[in-house]
Amino acid sequence: MQFRSTRVKASMANPITLPLHERILRKNKLKRATELVIFFLLLSLLIYRLRLLHAHGFVWLLAFFCESWFTFIWILIMNAKWNPIDNKTYPDRLRTRIHELPPVDLFVTTADPVLEPPIITVNTVLSLLALDYPANKLACYVSDDGASPVTFYSLVEALKFAKLWIPFCKKYNIQTRAPFQYFSSKEFETARDVSSKFHKDIIYVKEEYAQLCRKIETAEKNSTQFAFTKEFSAFSKVERRNHQSIVKVIWENKDNLADGVPHLVYVAREKQPNYPHHYKAGAMNVLVRVSGVMTNSPFMLNVDCDMFANNAQVVLHAMCLLLGSENEREIAYVQCPQHFYGGIKDDPFGASSLIVLQEYIVPGVGGIQGPFYGGTGCFHRRNVIYGLSPDDAKIQGKNYLSHGKQEEEAIRAKFGCSAQLVKSASQTLLGSHEKLNCPNDITRSLKIATQVADCSYESDTLWGTKIGWLYGSTAEDVLTGLQIHARGWRSAYLSPERSAFLGCAPFAGPAVMTQQKRWATGLLEILFCKNSPIIATIKANLKFRQCLSYLYINIWGLRSIPELCYVVLPAYCLLTNTYIFPKVSENAFWIPISLVVIYNLTTLSEYLHCGFSVKVWWNNQRMSRITATTAWLFGVLSVVLKLIGLSDTVFEITRKDQGDDGTNTNPGQFTFDDSPVFVPGTALVLLHVTALVLWTLGIQSPGQSALGAGLGEVICSLLVLLNFLPFLIGFFGKGSYGIPLSTICKSVASVGLFIHFCRRASTN
Ligand SMILES: O=c1ccn([C@@H]2O[C@H](COP(=O)(O)OP(=O)(O)O[C@H]3O[C@H](CO)[C@@H](O)[C@H](O)[C@H]3O)[C@@H](O)[C@H]2O)c(=O)[nH]1
Ligand SMILES: [Mn+2]
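Rules and cut-offs
- Residues numbered from 1 in each chain as written.
- Chains lettered and ligands numbered in written order.
- Predicted model: local features only at pLDDT ≥ 70, side-chain atom pairs only at ≥ 80, totals over all residues.
- UniProt positions renumbered as here; feature names shortened; annotations may be inferred.
- Near = placed C-beta within 6 Å.
- Helix = DSSP H or I, 4+ residues; strand = E, 2+ residues; numbered from the N terminus.
- Nonpolar A, V, L, I, M, F, W, Y, C, P; charged D, E, K, R; others polar.
- Buried ≥ 20, exposed ≤ 12 C-beta atoms within 10 Å, placed from the backbone.
- Contact = placed C-beta atoms within 7 Å.
- Pairing = 2+ DSSP bridges.
- Axes fitted to C-alpha atoms, helices over the stretch in contact; angles between N-to-C directions.
- Core = buried A, V, L, I, M, F, W, Y, C linked by C-beta atoms within 7 Å.
- Domains from an automatic or database assignment.
- Left-handed = near helix turned anticlockwise from the far one by under 90°.
- Expected span 1.5 Å × (residues − 1).

The name an unreviewed UniProt entry gives the protein is Glycosyltransferase 2-like domain-containing protein, with Aquilegia coerulea as the organism. One UniProt comment on the protein, placed under Subcellular location (unreviewed entry), says "Endomembrane system".

Below, the structure written as structure tokens:
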């Protein structure tokens, strides 16, 4: 890729003027041109349809509706990709530019010790504790929504190992700081034959890590007979959804050592059946408050339990964007991409499409108002999370000392009744971090920290509505980021050469469906809430083009309806001997053909540029079609049910693992369960097979004109089958590789109904 710098590079002679980062505009003339060509082809198709609409019935109207929708989506995509920006950061220059690095609170959320094995959380925590940043400026808070003694025990044991791991990493400048990754990395393989001291240390650390793993494994196996003595007594009567707050300081960096081990705090917020806990957003808000009364750092990094820090310098990189010139203060948060480790060969479950999206769409949005907040791998300013707007920020800190009783009352009304939190929040909002004597004695605040983690704490406050992580969507991340943009803030995208964070992508059919359904649900919920991007553009400071970019993701769910209609259409044509595509003899025949070819070549080139193979590209295209017509459809359903008040939306956790555990004989093969989400896909395959067979045999509904279904419809039907091949294979699979009988029955019934409807429609 070629880059053009938009900023005159500062002279080498004066280190003070060297920028901490540069915004680099990506050259994309060719890309824009191809995107425009696709756009004009889409328009031509629409015009072709419009001109002949009168001669055809409902089917053409439906096709026209779908194609208009695809054109609309394409406009949204073009808008989002138009001016991509890359940020280049120079952490080496921080030393000369910044006197003292600011403290950062590190948040990790975990919720289920079975779906999210504690060893994964432990590795994430270790990678954070070992970051290249003064240890006395870091504090790591782990929220455990599972309130699991095993998770707590694992962290206690991990801390012992951390005392060995951190000095080891720093001494030998180890790059991979999540031990499970390091011990299977090339870095480890090549390091072993360097010096003998290094070699000895490695062997020792490796053995200690193996021991840590064994201890955690044993604890997991015996989790039901846990001995609730001493520090574990708090867990003795814990029911997962009904227990008091537990906050434990696992480690305190009492001596304030820059090369020591950062604070480590365990938090299991109170849960009561009659209080909504708001899933991850609720957990994040508790972390904000607990850290608010303990360390109150001006910056916060949040990661999911599986997202370990892969780039040890990531905080320094983020600081390059967050600190610095006046203008850079407008950056509310710095988002790093979600990259994955240990994927399955050829990416059969389509995790790479997210990577490609982050390579093209996100830098594009970065050129407007800044990337969406993605829920993990993100650095936030605490004052922005506390509701500050860019205008407030300008006058911040001016009259800190004059702030009186009245102001304090206002803050109490927003933040709740903890005096300590009110005090720390006013300091944060008034920009007096310098004045806050960062307490080295965080244990002193333990009692207050436990109180602010109670579920009644948020009653009559603005937590979740105006401050903190917002409630009301299972995509709390996008909702929270949107509200920040709506206040007029910008955000920045940080994608250093060595991936900042790595996590696990879902690796089975049902897990992918769960995640995609939740995303579609959550994103659509945002469209219908009072913080929707449209309202934010009209009433607040969301830029119009940023609004369009938000719309692109918010309506993922809605895309399922035209996508589903469009993939059913060719089968309908074959069944009723009608057509929707131009005939080979018409000139217009080349419109859809060139559309398909150019579009696919464009997406293929994007995948190849990201370093993926043709096979990965194909698998991702296939998965996109599958999720769009199945999981997203169910996302829409759950939003509809919520809107009519029948049921609320749920955050279902995605299963995380360290990859193949050997029980899966073929990890790349698609798996199924008896969830209704697999019915549409199964039905589609049945429908197209039936339609193709009947058409080949010449058995169609009577009463059609001479111009029947032709090459276009047959090709499309075959393409649909090719895309849904995993389902076709699923008919013959065994166990989890096979489609359950109940799903097949439901599909047969719906296809039967559809064919009956086709016959009725064509004879009428
Ligand atoms: O009640 C809950 C539910 C979830 N989580 C945590 O939320 C995180 C994300 O959950 P996960 O199941 O991994 O969802 P993903 O689909 O992988 O997450 C993506 O999408 C979510 C929004 O749908 C964002 O919150 C995440 O940051 C983003 O990585 C995990 O750390 C969970 O432990 C909680 O703390 N409490
Ligand atoms: Mn996840």
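A. Up close: the site of ligand 1. In the vicinity of ligand 1 there are 24 residues, among which Thr109, Ala111, Tyr279, Asp304 and Gly375 approach most closely. At the level of elements, β4 (104-110), α9 (279-294), α17 (476-486) and α18 (509-527) are the ones that each hand at least two residues to the shell around ligand 1. Per-element tally for the shell around ligand 1: the top contributor is α18, with four residues. Class assignment of the residues belonging to the shell around ligand 1 gives a composition of eight nonpolar, nine polar and seven charged.

B. Structural context of the environment of Leu604. Take Leu604: it is sitting in helix α22 (residues 590-609). In this structure Leu604 comes out as partly exposed when scored by C-beta crowding, with 15 C-beta atoms within 10 Å.

C. Seen up close, the UniProt feature "binding site: Mn(2+)" (unreviewed entry) in the protein. The UniProt record marks Lys280 and Asp304 with the feature "binding site: Mn(2+)" (unreviewed entry), using the residue numbering of this structure. A maximum C-alpha distance of 9.6 Å is found for the annotated residues, which run over 25 residues; spatially they form one tight group. Along the chain, Lys280 turns up in helix α9. The buried category is assigned to Lys280, around which 23 C-beta atoms lie within 10 Å. The contacts of Lys280, once residues within four sequence positions are left out, are Thr109, Glu476 and Phe651. Tracing the chain through its elements places Asp304 in strand β8 (residues 299-304).

D. View of the pairing of strand β13 (residues 490-493). Side-chain alternation along β13 places Arg490 and Ala492 on one buried face and Ser491 and Tyr493 on a second face that is also buried. Two elements, strand β10 (residues 331-335) and β13, share four bridges in a ladder whose sense is parallel. Bridge assignment links Ile331 to a residue of β13, and that residue is Arg490.

E. Summary view of the sheet that holds β10. In spatial order, the strands read β6-β7-β5-β4-β8-β12-β10-β13; together these eight strands make up an open sheet with mixed pairing. On the outer flanks of this sheet lie β6 (246-251) and β13, each paired with one strand and no other. When the angles between neighbouring strand axes are averaged without regard to direction, this sheet yields 20°. Bridging between β4 and strand β5 (residues 138-144) involves seven bridges; their strand directions are parallel. Opposite Thr109, over in β5, you have Ser143 as the bridge partner. Across the face of the sheet, α9 comes into contact with β4, β5, β6, β7 (263-268) and β8 while running at roughly 145° to β5.

F. A look at the nonpolar core. Within the largest apolar cluster, 196 residues are counted, with the highest numbers of intra-cluster contacts made by Cys140, Val267 and Val290. In terms of domain composition, this core takes at least three residues from each of domain 1 (44-81 + 552-649 + 674-763) and domain 2 (93-341 + 350-505). Excluding its chain neighbours within four sequence positions, the residues that come into contact with Val267 are Tyr141, Val142, Ser143, Asp144, Val247, Val286, Leu287, Val290 and Ala453.

G. Geometry of the UniProt feature "active site" (unreviewed entry) in the protein. Feature annotation in UniProt assigns "active site" (unreviewed entry) to the following positions: Asp145 and Asp477. Take Asp145: it is sitting in the loop between β5 and α5 (149-171). Sequence-distant contacts of Asp145, that is, excluding residues within four places in its chain, are made with Ala111 and Ala283. Inspection of the secondary structure puts Asp477 in helix α17.

H. Expanded view of the sheet that holds strand β14 (residues 501-503). The strand order across the open sheet built from three strands is β9-β14-β11, with neighbouring strands paired in mixed fashion. If you trace the sheet from one side to the other, it starts and ends with β9 (308-309) and β11 (339-340), each paired once. Judged from the two bridges that link them, β9 and β14 form a sheet pairing that is antiparallel. Across the sheet, residue Ala309 finds its bridge partner in β14, namely Phe501.

I. A look at the environment of Gly752. Position of Gly752 relative to the elements: it lies in helix α28 (residues 741-763). Classification of Gly752 by C-beta neighbours within 10 Å gives partly exposed; the count is 13. Through-space distance from the C-alpha of Gly752 to that of Leu687 is 8.7 Å; in sequence the pair is 65 residues apart.

J. Geometry of the packing of helix α25 (residues 679-697) against helix α26 (residues 711-723). It is at 10 Å that the axes of α25 and α26 come closest, and there the two elements cross at 145°. Note on packing geometry: the crossing formed by α25 with α26 is left-handed. Residue-level contacts link Leu684, Val685, His688, Ala691 and Leu692 of α25 to Ser717, Val720 and Leu721 of α26. For the contact of α25 with α26, the per-class residue count stands at six nonpolar, two polar and no charged.

K. Just the domain arrangement of the protein, in detail. Taken as a whole, the protein is organised into domain 1 (44-81 + 552-649 + 674-763) and domain 2 (93-341 + 350-505). Look at where the C-alpha atoms of domain 1 and domain 2 centre, and you get two points 42 Å apart. Contacts between the two partners involve 13 residues from domain 1, matched on the other side by 13 residues from domain 2. Mapped onto the side of domain 1 that touches domain 2, the elements with two or more residues apiece are α2 (58-81), α22 and α23 (614-629). Counted by class, the side of domain 1 that touches domain 2 contains seven nonpolar, four polar and two charged residues.

L. Representation of α25. Taking 1.5 Å per residue as the helical rise, α25 with its 19 residues ought to reach 27 Å, and the 27 Å between its terminal C-alpha atoms agrees with that figure. Residue Gly698 follows α25 closely and has a positive phi angle near 75°.

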